[in-house]
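Fold and geometry: a report
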Amino acid sequence: MTDARCSCGAIALSLPGPSSLVVACHCTDCQRRTGAPFGVGAFYPVEEVKISGAPREYVRAAESGGKVRFHFCADCASTVYWSADNLPAMIGVAVGAIADPNGPAPIKSIFERSKHPWVEIVGAGIEHLEHGGARKSSS
Ligand SMILES: [Zn+2]
Ligand SMILES: [Zn+2]
């Protein structure tokens, strides 16, 4: 069992285990959201995530179309998870909220066109994309 929570613990998620889809995103919206040079999300099927607490919601337009809804703690301001209109079956969980240094590494690094040049996401078989990669060109 893996868990994610905000800084103060008011919002907590119960997760089924390590995610098989971890994505590092270098878009400027993720930079502003996290306050860090990039954001990392672990994606899970929505029905496998149990949410406790009453997060607030911030909605913005996604660069790839549709809207993204970020759920954050009103007390400590951590964003714990988000959902995208384009990907309604999945929930993105902030990898930092899981706080497990042994968790799975990203398999995709997206929006590298706005990546800070000193940031390098490394790993075997990792997919590097200049944009969001929302279009399904393969698989
Ligand atoms: Zn909190
Ligand atoms: Zn992003």
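Residues numbered from 1 in each chain as written. Chains lettered and ligands numbered in written order. Predicted model: local features only at pLDDT ≥ 70, side-chain atom pairs only at ≥ 80, totals over all residues. Heavy atoms only, no water.

Some remarks on the pattern of salt bridges
Any two side chains of opposite charge can pair, on the condition that their charged atoms come close. According to the stated counting rule, one finds three salt bridges in the structure shown. Put simply, Glu57 and Arg69 hold a salt bridge, and the shortest N to O gap is 3.8 Å. Placement of the pair is Glu57 in strand β6 (residues 56-61) and Arg69 in strand β7 (residues 67-72), with a sequence separation of twelve residues. Among the residues examined, Arg69 registers a relative accessible area of 27% and is labelled partly exposed. (Salt bridge = Lys/Arg side-chain N within 4 Å of Asp/Glu carboxyl O. Helix = DSSP H or I, 4+ residues; strand = E, 2+ residues; numbered from the N terminus. Buried < 20%, exposed > 50% of the residue type's maximum accessible area, 1.4 Å probe, protein only.)

A few points about the environment of Arg56
Mapping Arg56 onto the fold places it in strand β6. On a C-alpha basis, the gap between Arg56 and Gly39 in space is 19 Å, while along the polypeptide they are 17 residues apart.

A short note on the coordination of the zinc ion (ligand 1)
Taken together, the protein donors to the zinc ion (ligand 1) comprise Cys6 (SG), Cys8 (SG), Cys73 (SG) and Cys76 (SG), at separations of 2.3 to 2.4 Å. Between the four donor atoms coordinating the zinc ion (ligand 1), the angles at the centre fall across 106 to 118 degrees, so the site counts as tetrahedral. Every donor residue of the zinc ion (ligand 1) comes from the same chain, spaced as C-x1-C-x64-C-x2-C. Linking Cys6 in the loop between β1 (2-5) and β2 (12-15) with Cys76 in the loop between β7 and β8 (79-84), this pair joins segments that are 70 residues apart in sequence. Among the residues examined, Cys6 registers a relative accessible area of 2% and is labelled buried. (Donors = N, O, S within 2.8 Å, 3.2 Å for Na, K, Ca; no water. Tetrahedral: all angles 85-135°; square planar, octahedral: opposite > 155°, others 65-115°.)

Some thoughts on the confidence of the model for the protein chain
For the protein chain, the mean per-residue pLDDT works out to 93, and 95% of the residues sit at or above 70. When the criterion is pLDDT under 50, residues 135-139 qualifies, and its contacts beyond four places in sequence or with other chains add up to zero contacts. (pLDDT = per-residue confidence, 0-100. Contact = heavy atoms within 4.5 Å.)

Brief notes about the environment of Val22
The topology assignment puts Val22 in strand β3 (residues 21-25). Taking C-alpha positions, Val22 is 9.7 Å from Ala94, a pair spaced 72 residues apart along the chain.

Observations concerning the coordination of the zinc ion (ligand 2)
Around the zinc ion (ligand 2), the protein contributes the donor atoms Cys25 (SG), Cys27 (SG) and Cys30 (SG), which lie 2.1 to 2.3 Å from the metal centre. Written as a sequence motif, the donor arrangement for the zinc ion (ligand 2) is C-x1-C-x2-C. Residues Cys25 and Cys30 agree in their burial class; the two are buried.

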